[in-house]
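# Residue-level structure breakdown
Here's the letter readout for the chains.
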Number of protein chains: 2
Amino acid sequence: MASADQELGEHAGFDGARARMRLRVPSVAERVAEELRYQLAEGFLVPGAKLTEATIAEDLGVSRNTVREAFAELAAERLLLRQPNKGVFVATLEAGDIHDVYTVRRAIEVSSIRAGGSPERVAAVRAAVDEGKRAAAANDNEGLGSANQHFHGAIVALAESNRLNTIMAQILAEMRLYFHKATLNAHFYSDWLKENEQICSALEAGELERAGDLLLAYLNRSEQQQAAIHGE
Amino acid sequence: MASADQELGEHAGFDGARARMRLRVPSVAERVAEELRYQLAEGFLVPGAKLTEATIAEDLGVSRNTVREAFAELAAERLLLRQPNKGVFVATLEAGDIHDVYTVRRAIEVSSIRAGGSPERVAAVRAAVDEGKRAAAANDNEGLGSANQHFHGAIVALAESNRLNTIMAQILAEMRLYFHKATLNAHFYSDWLKENEQICSALEAGELERAGDLLLAYLNRSEQQQAAIHGE
DNA sequence: ATCTGCTGGATTGTTCAACAATCCAGCGAT
DNA sequence: ATCGCTGGATTGTTGAACAATCCAGCAGAT
């Protein structure tokens with residue numbers, strides 16, 4: 001397998017929850033989209049990079065039309081930016097986008113936590129907190145980051161809304177896209193590790209108002225930090 | 001223009017706000033998606049209906065591949081549902097979806113209005129209220145419906161978030177998809193006409209907390225009504 | 001009569017090759 | 001240095017082809 005011929009691989013497996021009796025064989029276009037999502041999340045494709053149709057088609061061993069179909073999907077998810085007649089590029093988060101993203105997060109995360117949730121969902125939040133602790137103990141930076149994402153994902157999942165979940169998933173995907181810039185400074189994480197703990201405790205205690213306030217405060221501070229890192 | 005040959009038409013013109021110095025000639029795939037969005041909103045394509053690639057390609061005078069690209073986009077927007085190897089269908093809102101949609105609306109609308117907004121944005125909300133009044137006076141049912149959508153769109157626009165705006169636009173598009181079932185009973189509207197007025201007044205007076213509460217109450221009631229109409 | 005299993009036609013999924021339209025880097029003339 | 005041109009590369013779109021899949025209808029078995 002030469003460097004110019006990296007086949008479609010297996011990177012899925014985050015869906016976990018569904019036990020639907022369905023034998024799914026994702027279409028090629030679907031798998032191309034999945035592979036690109038993976039490469040984007042993993043940082044192999046840096047923001048602003050240009051994706052040439054022919055190259056990707058050849059690398060993945062699929063047709064150009066199929067690649068285009070995948071592009072249409074990812075562009076709708078804001079992971080790729082399509083510039084007519086110029087090509088598609090990995091999306092970049094500008095200064096304004098950071099505020100934008102956090103505006104969405106404030107809306108859906110705070111709303112979700114304020115509505116509470118079933119014991120199982122709350123337990124999932126607790127599980128994410130523990131996952132973070134474990135990662136911290138193991139000095140696992142990577143794991144620490146994804147634990148945090150699981151935490152916030154679990155908060156949105158409290159609302160039991162498919163649409164809210166996918167919106168959140170997309171937002172998190174967007175953030176992963178450019179998080180690699182900030183992913184290294186680990187002392188970052190030490191803060192919210194105990195903060196997540198507090199939020200989760202408040203949630204478990206049924207103090208939804210307070211849980212929401214804490215979460216909101218966290219999001220505001222996080223936005224400031226991100227803005228600072230990103231410059232300006 | 002025979003029935004089997006309806007060319008791509010002009011139904012755009014909602015973007016208004018942007019005065020970017022850009023000469024945009026949307027790609028064919030884009031216009032196909034736009035045309036389908038239009039037909040969906042207008043109710044020419046009823047929920048559950050099957051869209052056969054070849055037929056649409058021929059009707060619109062474009063290639064099948066181009067149609068598929070448009071499909072990928074609309075499926076990502078939840079307006080179409082893709083069932084592998086079976087075809088794409090106009091999305092249908094099930095009982096659970098109604099709750100889901102309103103959960104999203106509660107999250108983003110209430111959050112937006114609670115944060116207030118610039119005087120111009122508030123004025124836009126007022127404009128939507130007036131638009132509704134005018135439509136009511138003219139007995140224009142159609143106009144009444146879209147005035148209401150403008151109202152709620154304007155509320156989300158308070159937050160000045162592109163992402164929130166597009167999310168709201170998609171949600172509204174989803175609702176239009178099946179609103180035709182309920183669009184006739186006009187006494188429906190008489191309620192929220194004065195309610196919008198109240199919400200808007202509270203917003204203008206800076207009583208954001210109260211505005212949010214009113215809006216929330218409206219959304220809850222509206223969800224119930226919709227659920228009742230949709231049966232069970 | 002109902003169920004089973006097959007079959008053929010229709011539709012989707014995907015590829016390929018082609019061509020027009022567009023963009024862009026480089027180069028030459030002013 | 002600026003302007004304008006040109007040629008190559010890339011995108012946008014098409015049309016045709018074929019494998020895979022689905023589905024309605026039908027023949028045969030119980």
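Refer to the structure above for everything that follows.
Residues numbered from 1 in each chain as written. Chains lettered and ligands numbered in written order. Predicted model: local features only at pLDDT ≥ 70, side-chain atom pairs only at ≥ 80, totals over all residues. Heavy atoms only, no water.

Between chain A and chain B, the residue contacts involve 25 residues of the former and 25 residues of the latter. Regarding the contact of chain A and chain B, the summed buried area is about 2,200 Å², with carbon and sulfur atoms giving 52% of it. Considering only the side of chain A, the residues that lose the most area to chain B are Glu 69, Arg 78 and Arg 163 of chain A, jointly responsible for 31% of the buried surface there. One can count 10 salt bridges joining chain A with chain B. Between Glu 69 of chain A and Arg 68 of chain B there is a salt bridge, and its shortest N-O distance comes to 2.8 Å. Across the chain A-chain B interface, the total number found is 16 residue pairs in polar contact (both at pLDDT 80 or more). Breaking the side of chain A that touches chain B down by element, the ones donating at least two residues are α3 (64-76), α4 (95-114) and α7 (162-179) of chain A. (Contact = heavy atoms within 4.5 Å. Buried area = accessible area lost by both parts, 1.4 Å probe. Salt bridge = Lys/Arg side-chain N within 4 Å of Asp/Glu carboxyl O. Polar contact = N/O pair within 3.5 Å; in protein donor to acceptor, adjacent residues only side chain to side chain. Helix = DSSP H or I, 4+ residues; strand = E, 2+ residues; numbered from the N terminus.)

Let us look at the sheet that holds strand β1 (residues 50-51) of chain B. Residue and element names in this part refer to chain B. Strand order in this open sheet of three strands is β1-β3-β2, and the pairing throughout is antiparallel. The open sheet is flanked by β1 and β2 (80-83), the only strands paired with a single partner. Pairing of β1 with strand β3 (residues 87-90), which is carried by two bridges, proceeds in the antiparallel orientation. Paired with Leu 51 across the bridge in β3 is Val 88. (Pairing = 2+ DSSP bridges.)

It is worth spelling out the pairing of strand β3 (residues 87-90) of chain A at this point. All names here are of chain A. In the sheet, strand β2 (residues 80-83) pairs with β3 via four bridges, with the strands oriented antiparallel. Paired with Gln 83 across the bridge in β3 is Gly 87. A loop of three residues connects β2 with β3, the two strands running antiparallel in sequence, and Asn 85 in this loop sits at a positive phi of about 70°.

Further remarks concern the protein's contact with DNA strand D. In the vicinity of DNA strand D lie 22 residues, with Arg 68 of chain A together with Val 28, Asn 65, Thr 66 and Lys 86 of chain B positioned nearest. When the atoms of DNA strand D within 4 Å of the protein are grouped by moiety, sugar and phosphate amount to 69% of the total. Residue Ser 63 of chain B places a main-chain N or O atom 3.1 Å away from a phosphate oxygen belonging to DNA strand D. Arg 64 of chain B places a polar side-chain atom, nitrogen or oxygen, 3.2 Å from a base nitrogen of DNA strand D. For the surface near DNA strand D, the elements supplying multiple residues, two or more each, are β1 (50-51) and α3 of chain A together with α1 (28-42) and α3 (64-76) of chain B. The class makeup of the residues in the surface near DNA strand D is five nonpolar, 10 polar and seven charged. (Near = heavy atom within 4 Å. Nonpolar A, V, L, I, M, F, W, Y, C, P; charged D, E, K, R; others polar.)

This part is about the environment of Leu 45 of chain B. All names here are of chain B. For Leu 45, the location among the structural elements is in the loop between α1 and β1. Taking the C-alpha atoms as reference points, Leu 45 and Leu 177, 132 residues apart in sequence, are found 8.6 Å from one another. Sequence-distant contacts of Leu 45, defined by excluding residues within four places in its chain, comprise Leu 36, Gln 39, Leu 40, Leu 51 and Val 90.

Looking now at the environment of Leu 215 of chain A. Residues and elements named next belong to chain A. Locating Leu 215 in the fold gives a position in helix α9 (residues 208-229). Measuring from C-alpha to C-alpha, the distance between Leu 215 and Val 110 comes to 6.7 Å, with 105 residues separating the pair along the chain. When neighbours within four sequence positions are excluded, Leu 215 is seen to be in contact with Glu 109, Val 110, Ile 113, His 152, Ile 155 and Ile 199.

In this section: the protein's contact with DNA strand C. Surrounding DNA strand C, one finds 22 residues, the nearest of these being Val 28, Asn 65, Thr 66 and Lys 86 of chain A together with Arg 68 of chain B. Sugar plus phosphate, as a fraction of atoms of DNA strand C within 4 Å of the protein: 68%. The separation between a phosphate oxygen of DNA strand C and a polar side-chain atom of Thr 66 of chain A is 2.4 Å. Counting only elements with at least two residues in the surface near DNA strand C, the list comes to α1 (28-42) and α3 of chain A together with β1 and α3 of chain B. The residue inventory of the surface near DNA strand C, partitioned by class, reads five nonpolar, 10 polar and seven charged.

With that settled, the discussion passes to the layout of surface pockets. Here the second largest pocket defines a volume of roughly 710 Å³. Every residue lining the second largest pocket is counted, 27 residues in all, and those nearest its centre are Ala 107, Val 110 and Ser 111 of chain A together with Ala 107 and Val 110 of chain B. Mapped onto the lining of the second largest pocket, the elements with two or more residues apiece are α4 and α9 of chain A together with α4 (95-114) and α9 (208-229) of chain B. (1 Å grid on protein atoms, 1.4 Å probe; cavity = no way out; pocket = protein on both sides within 12 Å on 5 of 7 lines; lining within 4 Å. Points joined across faces, edges and corners; volume = space filled by probe spheres on them.)

Residues and elements named next belong to chain A. Contact pair helix α2 (residues 53-60) / α3: the axes reach a minimum separation of 9 Å and the direction vectors enclose 110°. By the angle between their axes, α2 is roughly perpendicular relative to α3. Two secondary-structure elements touch here, α2 through Glu 53, Ala 54, Ile 56 and Ala 57 and α3 through Arg 64, Val 67, Arg 68 and Phe 71. Along the lines of polarity and charge, the residues of the contact of α2 with α3 split into five nonpolar, no polar and three charged. (Axes fitted to C-alpha atoms, helices over the stretch in contact; angles between N-to-C directions. Parallel < 35°, antiparallel > 145°, perpendicular 65-115°, else oblique.)

Take the packing of aromatic side chains next. All names here are of chain A. For the structure on display, the rule yields two aromatic pairs over all chains. A centroid spacing of 6.3 Å and a plane angle of 75° characterise the contact between Tyr 38 and Phe 44, whose relative ring orientation is edge-to-face. Looking at Tyr 38, the relative accessible area reads 26%, which means it is partly exposed. For Phe 44, a relative accessible area of 54% translates into the label exposed. (Phe/Tyr/Trp six-rings, centres within 6.5 Å; stacked < 30°, edge-to-face > 60°. Buried < 20%, exposed > 50% of the residue type's maximum accessible area, 1.4 Å probe, protein only.)

To continue, consider helix α5 (residues 119-137) of chain A. Residues and elements named next belong to chain A. Over its 19 residues, α5 extends 27 Å from the first C-alpha to the last, a length consistent with the 27 Å expected when each residue adds 1.5 Å. Burial in α5 covers these residues: Val 122, Val 125, Arg 126, Ala 128, Val 129, Gly 132 and Ala 135. Residue Asn 139 follows α5 closely and has a positive phi angle near 60°. (Expected span 1.5 Å × (residues − 1).)

When chain A is brought onto chain B, the operation consists of a screw motion whose angular component is 180° and whose axial shift is 0.0 Å, with 0.1 Å RMSD remaining. Given the turn and translation reported, the copies of this chain are related as if by a two-fold rotation axis. Interface overlap between copies is the fraction of interface residues in one copy that are interface residues in the other; for chain A against chain B it reaches 100%, indicating a shared surface. (Least-squares fit on C-alpha atoms with pLDDT ≥ 70 in both.)

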